[in-house]
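# Geometric and topological summary
In case you want the letters, here they are:
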Amino acid sequence: MHGQKRIMVTGGTGFLGSFLCERLLREGNDVLAVDNYYTGSRDNVLHLLDDPRFEILRHDITFPLYVEVDEIYNLACPASPVHYQVDPVQTVKTNVHGAINMLGLAKRTKAKIFQASTSEVYGDPAVHPQPEEYRGSVNPIGPRACYDEGKRCAETLFFDYHRQYGVEIRVARIFNTYGPRMQTNDGRVVSNFIVQALRNEPITIFGSGTQTRSFCYVDDLIEGFIRLMGAPASVTGPINLGNPGEFQVRELAEMVVEMTGSKSDIVFKPLPIDDPTQRKPDISRAKQELGWQPTVSLREGLERTIAYFEWKLSGGSRNMPGVRSRQPAYAHLAVSAVGLPVSEATR
């Protein structure tokens, strides 16, 4: 157990944010989840509401926020093209104005601050796998630029606040992450394939299916967050956090069909503009500086994620797995799919 801190998580009711809040609470901290619910959901943290050390604040970080905290995890921003391209100007504002506001808060309170950056800063890479030293190949005027360039600018701001004002920063570049609590309509490849397979609908592959991705299970990623935040002040990042196991998108589709017993066919559609053809992290720095590497295999992670989406699509309850209720509809799920210890999952 670490010493108790006051920790704020922006995007705290989202996919990653909710798991991070759980982890921080288990370590004995006071946790403030800040979210405007654009892609987050209160359902993701309902099971935390009875904890007196947890609170939620509805707030958009493009506006200043005045609270007293010891640490800040800045996760706020839609992370899938389906969501961040709906309002690209707001996406840029969240990345840039949001970073400025959170860094200003960190400067005032002398808080340590973590930035959830992304592998998308590498664009469609000319270097494979991607080390942190690679500066990327990003189209600054394309439809993905609101996210890609927004995150790149946020990194710039973090390092400038660090150099100019002495703000203690941590920057993680997150590669494709999956697990329970992903949205059914978020457009990400893992959730898309699982939902389509469970509904026996055609599985849609954009492009030839030979493009590659590296898939990191959510528990592994959150462990990386905690280790990076707990590292010495000299370890600012950026540090790649992802699973270096590389799979073709078609391989993933075939694995999901096999694991779900689906009758789905695989169909192909044109590749979206600027969609990267290769993605694989070089995690040498994370191994060396954090002692971190993923431990959950793709098949194991998919088993847990498929179990979650089976429950989600069953319509058995309005509560999500992991939510305390008198008759939990998720009781048939493996606890590992819920993401909580047995005492919590059956309460």
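These numbers were taken from a predicted model, which means no experiment stands behind them.

### Structural notes on the nonpolar core
If you look at the biggest cluster of nonpolar residues, it comprises 59 residues, and the most contacted ones within it are Tyr73, Phe225 and Leu302. Apart from residues lying up to four places away in sequence, Tyr73 is in contact with Ile7, Met8, Val9, Thr10, Leu20, Leu24, Phe114, Phe225, Ile226 and Met229. Ile72, Ala99, Phe158 and Phe159 belong to the second largest nonpolar core, which has 25 residues in total.

### Examining the layout of surface pockets
Size it by volume and the second largest pocket reaches roughly 220 Å³. Val121, Tyr122, Glu132, Glu133, Tyr134, Arg135, Arg152, Glu155, Thr156, Phe159, Arg173 and Pro238 are the residues that line the second largest pocket. Per element, the largest residue contribution to the lining of the second largest pocket is 4 residues, and it comes from helix H4 (residues 145–165). Each residue belonging to the lining of the second largest pocket can be placed in one class, and the counts come to 5 nonpolar, 1 polar and 6 charged.

### Points about the packing of aromatic side chains
Inspection of the entire model under this criterion finds 9 aromatic pairs. On the numbers, 6.3 Å between centres and 35 degrees between planes, the contact of Tyr308 with Trp311 is tilted. Here the residue Tyr308 and the residue Trp311 both occupy positions in helix H9 (residues 298–314), the gap between them amounting to 3 residues, near one helical turn. By the burial criterion, Tyr308 is buried, and Trp311 matches it. Aromatic ring contacts, followed pair by pair, group Tyr73, Phe114 and Phe225 into a single cluster. Over the ring of Phe19 we find Arg181, and its NZ or CZ is 4.0 Å from the ring centre.

### Observations concerning helix H1 (residues 15–26)
Spanning 12 residues, H1 covers 18 Å between terminal C-alpha atoms, matching the ideal 16 Å at 1.5 Å per step. Among the residues making up H1, those that are buried are Phe15, Leu16, Gly17, Ser18, Phe19, Leu20, Cys21, Glu22, Arg23, Leu24 and Leu25. Positive backbone phi, at 90 degrees, marks Gly28, one or two positions downstream of H1.

### Quick notes on the sheet that holds strand S6 (residues 169–174)
If you trace the 7 strands from one edge of the open sheet to the other, you get S3-S2-S1-S4-S5-S6-S11, paired in parallel fashion. Among the strands making up the open sheet, the edge pair consists of strand S3 (54–58) and strand S11 (239–241). Ignoring strand direction, the axes of neighbouring strands in this sheet form an average angle of 20 degrees. Helix-sheet contacts for H1 involve strand S1 (6–10), strand S2 (30–35), S3, strand S4 (71–74) and S6, and the interaxial angle to S1 is about 170 degrees.

### Regarding the packing of H1 against helix H6 (residues 218–229)
In the contact formed by H1 and H6, the axes pass within 10 Å of each other and the chain directions differ by 60 degrees. In terms of their interaxial angle, H1 and H6 are classed as oblique. Viewed along their axes, H1 and H6 form a crossing whose handedness is right-handed. The residues of H6 that touch H1, namely those facing Phe15, Leu16, Phe19, Leu20, Arg23 and Leu24, are Val218, Asp219, Leu221, Ile222, Glu223, Phe225 and Ile226.

### Notes on H4
In this model, H4 (21 residues) spans 28 Å end to end at C-alpha, consistent with the 30 Å of a helix rising 1.5 Å per residue. Those residues of H4 that sit buried are Ala145, Cys146, Tyr147, Asp148, Gly150, Lys151, Ala154, Glu155, Leu157, Phe158, Phe159 and Tyr161. Residues of H4 that are buried make contact with helix H2 (81–84), helix H3 (88–109), strand S5 (112–118) and S6. Backbone geometry just downstream of H4 places Gly166 in the positive-phi region, at approximately 75 degrees.

### Points about the environment of Gln90
With respect to the helices and strands, the residue Gln90 is situated in helix H3. Distance in space between the C-alpha atoms of Gln90 and Cys77 is 9.5 Å, their sequence separation being 13 residues. Ignoring sequence-local partners within four residues, the contact set of Gln90 consists of Asp60 and Thr62.

### A few points about the side chain of Asn243
The topology assignment puts Asn243 in the loop between S11 and strand S12 (246–248). For Asn243, a relative accessible area of 13% puts it in the buried group. Within the structure, Asn243 has its side chain in polar contact with the backbone nitrogen of Gly245 (distance 2.9 Å). The residues contacting Asn243, other than those within four sequence positions of it, are Ser214, Phe215, Cys216, Pro281, Pro294 and Val296.

Cut-off values and rules
Residues numbered from 1 in each chain as written. Predicted model: local features only at pLDDT ≥ 70, side-chain atom pairs only at ≥ 80, totals over all residues. Heavy atoms only, no water. Core = buried A, V, L, I, M, F, W, Y, C linked by side-chain atoms within 4.5 Å. Buried < 20%, exposed > 50% of the residue type's maximum accessible area, 1.4 Å probe, protein only. Contact = heavy atoms within 4.5 Å. 1 Å grid on protein atoms, 1.4 Å probe; cavity = no way out; pocket = protein on both sides within 12 Å on 5 of 7 lines; lining within 4 Å. Points joined across faces, edges and corners; volume = space filled by probe spheres on them. Helix = DSSP H or I, 4+ residues; strand = E, 2+ residues; numbered from the N terminus. Nonpolar A, V, L, I, M, F, W, Y, C, P; charged D, E, K, R; others polar. Phe/Tyr/Trp six-rings, centres within 6.5 Å; stacked < 30°, edge-to-face > 60°. Lys NZ or Arg CZ within 6 Å of the ring centre and 35° of its normal. Expected span 1.5 Å × (residues − 1). Pairing = 2+ DSSP bridges. Axes fitted to C-alpha atoms, helices over the stretch in contact; angles between N-to-C directions. Parallel < 35°, antiparallel > 145°, perpendicular 65-115°, else oblique. Left-handed = near helix turned anticlockwise from the far one by under 90°. Polar contact = N/O pair within 3.5 Å; in protein donor to acceptor, adjacent residues only side chain to side chain.

Just distances and angles here, no functional claims.
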